[in-house]
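So the chains spell out like this:
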Amino acid sequence: MAKKLMKGNEAIGEAAIHAGCTHYFGYPITPQTEIAEYLAKRLPEVGGVFLQAESELGAANMIYGSACTGTRVFTSSSSPGVSLMAEAMSYIAGSDIPAVFVNIMRAGPGLGGILPSQADYFQAVKGGGHGDYRCLVLAPSTVQEAVDLMVDAFDLADKYRSPVMLVGDGMIGQMMEPVEFKPRKQVALPPKDWATTGCKGRKPNVITSVFMDPEVLHQFNLKLGAKYEEMKKHEVRVETYKCDRQMDLLLVAYGTTARICKTSIDMLDELGIKAGLLRPITLFPYPEKELYATAKKASKVLVVEMSMGQMLEDVERILKGEKPIEFFGRTGGLIPAPEEVFDLAKKLVKK
Amino acid sequence: MDIVFQRPETLRENTTHYCPGCTHGIIHRQVAEVLDELGLRERTVGVAPVGCSVLAYNYFNCDFVEAAHGRAPAMATGIKRSRPDLIVFTYQGDGDLASIGMGEIVHAANRGEKICVIFVNNAIYGMTGGQMAPTTMPGQITTTSPKGRDVNEVGYPLRMSELLSSLRTPAFIVRTAVHTPKGMIETKNYIREAFQNQVDNKCFSLVEVLSTCPTNWGLNPNKATEWVEKNMVPYYPLKVFKRPGEEI
């Protein structure tokens, strides 16, 4: 299929349709509103349903209801809106229901700003809502990758009966790049025999996250934990760039920040400084083994984020103090410039 | 010998956890009888709230989901918009619907979602042990209004049927009560009308049912039904507020 120039947000909407998603419920918030605008026009064309909810609370609970019928459904929002959606996300995880969330992150905390950010890493990766649950978190660094991951997100949600979240910073949502909608992989998925679709010919299905018996709830949490262990075994995705060598410095970054770091690494190469990049594509499950092994080849590690240092804590956890770790973060909607990373890298290598 | 009375197929053979004298059992049974009579059990999905009826799916013998507090109308919207062939109803108390779920119910009604809402108003939070609800009567003593509801501090009880019937979107909105045999008969008829509206793909339907909470009111069941008549009915008039086609 020919490539098409598309804005990230619109491409994410089209990718959902390409993945067989028929329903979208959402609420406007910058910088992701184009997803809703695109789908308001596009979903009815393909026999799907678009509905603007009264709030993010409404939208997220609508996708919960829709997903209970076995429908492929998603919602999208940006940081403050995702905080409101955390309620439904916890319920969705707590009742083993597949659903896809998109967070086009903006700068926080509070109402913050509308410019790109990666400050919702903790929220996405460590829970966000209440209770012992996880989201499988996918972090694209190009519009094409956003399309590809968005398609996979629905299969992953169905495979694990779990919420899956695609996180992009505002840059991913707003920039235009050429994209291609590749033929879909045929993935064998479990039947949705749990769906509430009327009990004709079977016993009633009940979808609930209420377990009043502590032993039963404990067993349910163990089952969820086992599901997350399966994700860790099978779903880790990571890209490395120029890491097939001994490195003076290993950069760790994801999303837009990772693209910036690649430019900085090429600039460092010209000075004879050998740097590499490890880019997690899945933020949960995190590429723990890959990071540990790759860092062994580097003298130092530099984590770069559009946050005050959130993924940094995972890198510290995984490297267990075996390598010196430095951090560079920009917040408020500021995007690190390749030169800034380059200058800092030079200093760190010289030290 | 003919069987003249039996458990509706839409009710499971479980003993409910409801307190003695609570009217949830009556309302559950009436919903179940209507689903039986209209032949809807096998294509119905119920949405349970957070509150005393959080475990309603243990009693109803049809597909059920359990919503977050107040979000049942949003969840029902998601179900109905995904599968318009299903019959979808929420079963909500006054804390769930009129307090934390105010946004969801108003917008579901205003969008004209083709769902049924059974709204059980007993003027108190039951499950958490008798706190003040948005529907608690002026002067009514609860654990969070120990001197009685002071309308100067917290306003007057919300009249949800009146509020929702002010919306322009066609709807069936009725308030009824189950503290008398007459009220029970009427209530079942209104519940039937609500589900028939949905079968006919007609409109959003809400049946507000004045109900008792003897435990948290500190009254025996007989006194509780008297309390409904004396205190609630004058403030919460029993009537059909709106039928589709009667919009102003």
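Sequence order sets the numbering: in each chain, residues are counted from 1 along the sequence as written. Written order determines the labels here, with chains lettered from A and ligands numbered from 1. This being a predicted model, a pLDDT of at least 70 is required before a residue's local features are given, and a value of 80 or more before pairs of side-chain atoms are given or counted; all residues contribute to the totals for chains, interfaces and linings. Side-chain measures here rest on the full set of heavy atoms in the structure, leaving out hydrogens and waters.

Participant: Sorry if this is basic, but what is going on with the confidence of the model for chain B here?
Facilitator: Interpreting fine coordinate detail is not advised for predicted regions of low pLDDT. Confidence scores per residue from the predictor, reported as pLDDT, run from 0 to 100. When pLDDT is averaged along chain B, the result is 97; 100% of the residues meet or exceed 70. Across the interface, the model reports ipTM at 0.97; the global pTM reads 0.97.

Participant: When you look at unusual backbone geometry in this model, what are you seeing that I'm missing?
Facilitator: Note on backbone geometry: most residues besides glycine have negative phi, and most peptide bonds are trans. Residues and elements named next belong to chain A. Proline 109 follows glycine 108 through a cis peptide bond whose omega is 0 degrees. Structurally, proline 109 is set in the loop between β5 (99–105) and α5 (121–125). A cis amide bond, omega 0 degrees, links phenylalanine 284 with the succeeding residue proline 285. Starting at the N terminus, helices and strands are each numbered in turn, a helix being any DSSP run of H or I of at least four residues and a strand any DSSP run of E of at least two. Looking at the element boundaries, proline 285 is found in the loop between β13 (282–284) and α10 (288–295). The residue arginine 161 is not glycine, and still its phi comes out positive at about 45 degrees. Tracing the backbone shows arginine 161 in the loop between α6 (143–160) and β7 (163–169).

Participant: Looking at this structure, how should I read helix α9 (residues 221–235) of chain B?
Facilitator: Every α-helical turn comprises 3.6 residues, leaving residues that sit three or four positions apart pointing alike. All names here are of chain B. Given the number of residues in a helix, its expected span is that number minus one, multiplied by 1.5 Å. With 15 residues, α9 extends 21 Å from end C-alpha to end C-alpha; this agrees with the ideal 21 Å at 1.5 Å per step. Relative accessible area decides the class of each residue, using a 1.4 Å probe on protein chains only: under 20% of the type maximum gives buried, over 50% gives exposed, and in between gives partly exposed. Residues of α9 that are buried include every one of Ala224, Trp227, Val228, Met232, Val233 and Tyr235, and no others. Note on definitions: a residue-residue contact is assigned when non-hydrogen atoms from the two residues lie within 4.5 Å. Against the buried residues of α9 lie β4 (116–121), β6 (204–210) and α8 (214–217). Sitting at the amino-terminal end of α9 is asparagine 220, which places a side-chain oxygen 3.0 Å from the backbone nitrogen of asparagine 222. For this analysis, a polar contact is any N or O atom pair within 3.5 Å, provided that within protein one partner can donate a hydrogen and the other can accept it, and provided that sequence-adjacent residues contribute only side-chain to side-chain pairs.

Participant: Any chance you could explain the domain arrangement of chain A here in plain terms?
Facilitator: It is common to give the size of an interface as the accessible area that goes away when the parts come together. All names here are of chain A. Domain delimitation in this document rests on an assignment produced automatically or drawn from a domain database. Domain assignment breaks chain A into domain 1 (4–234) and domain 2 (239–350). For domain 1 and domain 2, the distance between their C-alpha centres works out to 28 Å. Domain 1 puts 32 residues into the contact, and the matching count from domain 2 is 25 residues. Buried area adds together the accessible area that both of two parts lose upon being put together, with accessible area traced by a 1.4 Å probe. At the boundary of domain 1 with domain 2, total buried surface from both sides reaches about 2400 Å², with 57% on carbon and sulfur atoms. Looking at the side of domain 1 facing domain 2, the largest losses of area belong to Gln118, Tyr121 and Phe122, adding up to 30% of the total buried there. Here, a salt bridge means any Lys or Arg side-chain nitrogen found within 4 Å of an Asp or Glu carboxyl oxygen. The interface formed by domain 1 and domain 2 holds three salt bridges in total. Where the side of domain 1 that touches domain 2 is concerned, the elements lending two or more residues are α5, β6 (136–138), α6, β7, α7 (170–174) and α8 (214–234). A class-by-class count of the residues in the side of domain 1 that touches domain 2 yields 21 nonpolar, four polar and seven charged. Residues are grouped as follows: nonpolar covers Ala, Val, Leu, Ile, Met, Phe, Trp, Tyr, Cys and Pro; charged covers Asp, Glu, Lys and Arg; every other residue, Gly included, is treated as polar.

Participant: Hey, could you run me through the pairing of strand β2 (residues 23–26) of chain A in this one?
Facilitator: Residues in a regular strand point their side chains to alternate faces of the sheet. Residues and elements named next belong to chain A. Of the two faces of β2, the one holding His23 and Phe25 and the one holding Tyr24 and Gly26 are both buried throughout. For the crossover from β2 across helix α2 (residues 33–45) to strand β3 (residues 49–52), the handedness is right-handed. Note on pairing: DSSP must find at least two bridges between two strands before they are called paired. Examined bridge by bridge, β2 and strand β4 (residues 73–77) share two bridges and lie parallel to one another. Following the sheet pairing, tyrosine 24 is matched in β4 by phenylalanine 74. With strands facing away from the observer, any crossover in which the path from the first strand over the helix to the second runs clockwise is taken as right-handed.

Participant: Sorry if this is basic, but what is going on with the packing of helix α1 (residues 24–37) of chain B against helix α7 (residues 181–199) of chain B here?
Facilitator: Axis angle and axis distance: for two packed helices, these are the angle between their axes and the distance between the axes, and together they describe the pair. All names here are of chain B. Where α1 contacts α7, the two axes come as close as 9 Å, and the packing angle between them is 45 degrees. In terms of orientation, α1 lies oblique with respect to α7. Seen from above, α1 lies across α7 with right-handed handedness. Residues Ile26, Gln30, Val31, Glu33, Val34, Leu35 and Glu37 of α1 pack against Met184, Thr187, Lys188, Ile191, Arg192 and Phe195 of α7. Axis definition: a line fit to C-alpha positions, over the contact stretch in the case of helices; interaxial angles, taken between N-to-C directions, run 0 to 180 degrees. The cut-offs work like this: below 35 degrees is roughly parallel, past 145 is roughly antiparallel, 65 to 115 is roughly perpendicular, and the gaps in between are oblique. Crossing handedness: left-handed means the near helix sits turned counterclockwise from the far one by under a right angle, and right-handed means the same turn made clockwise.

Participant: What is the right way to look at the sheet that holds strand β12 (residues 275–280) of chain A in this model?
Facilitator: What links the strands of a sheet is backbone hydrogen bonding, and the strands pair in either a parallel or an antiparallel sense. Residues and elements named next belong to chain A. The five strands are arranged β10-β12-β11-β14-β15 in an open sheet whose pairing can be described as mixed. Each having just a single partner strand, β10 (238–241) and β15 (325–329) make up the two edges of the open sheet. Averaged over all adjacent pairs, the angle separating strand axes in this sheet is 20 degrees, with direction ignored. Two elements, β10 and β12, share four bridges in a ladder whose sense is antiparallel. The residue bridging valine 238 from the neighbouring strand is proline 280, located in β12. Contacts from helix α9 (residues 255–270) reach β10, β11 (247–252), β12 and β14 (298–305), with the element oriented near 170 degrees to β12. Along the sheet, helix α11 (residues 311–319) makes contact with β11, β12, β14 and β15, crossing β14 at roughly 155 degrees.

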